[in-house]
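Topology and contacts: notes
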Amino acid sequence: MNPYYHRARFLKSAAALDQLPPHEDAREVAFAGRSNAGKSSALNVICSQKSLARTSKTPGRTQLINLFELDPGRRLVDLPGYGFARVTQPIRVQWQGLLTQYVETRECLRGIVLMMDSRHPLKDLDLQMIEWCRSLELPVHILLTKADKLKHGPAKQTLFRVQKALADDPGISTQLFSALKREGIDTAHEVLDRWLDVPPPETTA
Ligand code: GDP
């Protein structure tokens, strides 16, 4: 467990790109996924904090990009969840527009952590997200969330199935993850360390 991530602090919410902090000399990793995939829970356990990202949300309200700072210039970014069928069309357009603009234009974005419920991975919108990142040459690390809901064997089979489906792309990696059981945190930290260029623990603890 890398204590570096405990220092994450809410920095700001942005409803439009011009509200984001400067991208120069910065590195960001963005967390994305379908609504309810377990993104807020994953962010919270990765940062060892109970309520850094909000886990209960009201569907239908305008969504924001939430930024969490680790260091000046190193940030974790919580993107609006996609695919919530019940939100109204104008809100969907607003937040998917924001998500699209952020991913396509943010120069300091180093990679996307993509949450997928391990019981229903690779839904259409997830595949679209992966294809889109591929086209932008943006690395993707997939967390197969809520792995505690599957027994060991089926969880491993899901991991192999997803890895096989995406095997031809070296820019994509996949792991099992459970916020509830706190499993998979070290592997997630290793990916974040690499993307954010986090100094070794002895200099950051
Ligand atoms: P988000 O919409 O992607 O931010 O998802 P949340 O983090 O709010 O989680 C959605 C639901 O899944 C909540 O009811 C969580 O309690 C539940 N959940 C999230 N992570 C886990 C997990 O690791 N195991 C289990 N069993 N449930 C989880």
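Here's what I pulled together on the structure shown here.

About the cut-offs
- Residues numbered from 1 in each chain as written.
- Predicted model: local features only at pLDDT ≥ 70, side-chain atom pairs only at ≥ 80, totals over all residues.
- Heavy atoms only, no water.
- Core = buried A, V, L, I, M, F, W, Y, C linked by side-chain atoms within 4.5 Å.
- Buried < 20%, exposed > 50% of the residue type's maximum accessible area, 1.4 Å probe, protein only.
- Helix = DSSP H or I, 4+ residues; strand = E, 2+ residues; numbered from the N terminus.
- Contact = heavy atoms within 4.5 Å.
- Near = heavy atom within 4 Å.
- Polar contact = N/O pair within 3.5 Å; in protein donor to acceptor, adjacent residues only side chain to side chain.
- Areas by Shrake-Rupley, 256 points an atom, 1.4 Å probe, with all protein chains shown as cover.
- Nonpolar A, V, L, I, M, F, W, Y, C, P; charged D, E, K, R; others polar.
- Expected span 1.5 Å × (residues − 1).
- Arc of directions from axis to C-beta.
- Salt bridge = Lys/Arg side-chain N within 4 Å of Asp/Glu carboxyl O.

Counting 33 residues, the largest nonpolar core has Leu79, Ile112, Leu114 and Ile142 as its most contacted members. Residue assignment for this core shows that the elements contributing at least two residues are strand E2 (27–33), strand E3 (65–71), helix H2 (89–105), strand E5 (109–117), helix H3 (124–135), strand E6 (140–145), helix H4 (152–165) and strand E7 (172–176). With sequence-adjacent residues up to four places away left out, Ile112 is seen in contact with Ala30, Ala32, Leu79, Val103, Met129, Cys133, Leu138, Pro139, Val140, His141 and Trp195. Counting 28 residues, the second-largest nonpolar core is a separate cluster that includes Val29, Ala42, Val45 and Leu143.

Lining the immediate environment of the ligand, one finds 16 residues, of which Asn36, Lys39, Ser40, Ser41 and Asp148 sit closest. Asn36 is positioned such that a nitrogen or oxygen atom in its backbone is 2.7 Å from an oxygen atom of the ligand. Between the ligand and Ser41, the relevant distance is 2.6 Å, taken from an oxygen atom to a side-chain nitrogen or oxygen of the residue. Here the ligand has 580 Å² of accessible area as a free molecule, and 76% of this is covered by the chains. Each residue belonging to the shell around the ligand can be placed in one class, and the counts come to 3 nonpolar, 7 polar and 6 charged.

Right, let's get into helix H5 (residues 185–196). If you check H5, its first and last C-alpha atoms are 16 Å apart, about what 12 residues at 1.5 Å a residue would give, namely 16 Å. Those residues of H5 not exposed but buried are Ile185, Ala188, His189, Val191, Leu192, Trp195 and Leu196. Angularly, the buried residues of H5 cover 165 degrees about the axis, an arc narrow enough to put them on a single face. Exposed and oriented more than 90 degrees from the buried face of H5 are Glu190 and Arg194. Phi turns positive, to about 55 degrees, at Asp197, one or two residues after H5.

Overall, the coordinates contain 9 salt bridges when judged by the stated rule. Close ionic contact of Arg119 with Asp117 constitutes a salt bridge, the shortest N to O distance being 2.8 Å. The exposure class of Asp117 is buried, given its relative accessible area of 11%. Arg134 is paired through a salt bridge with Asp169; the nearest N and O atoms lie 2.7 Å apart. Taken together, the residues Arg134 in helix H3 and Asp169 in the loop between H4 and E7 connect sequence positions 35 residues apart. Judged by its relative accessible area of 25%, Arg134 is partly exposed.

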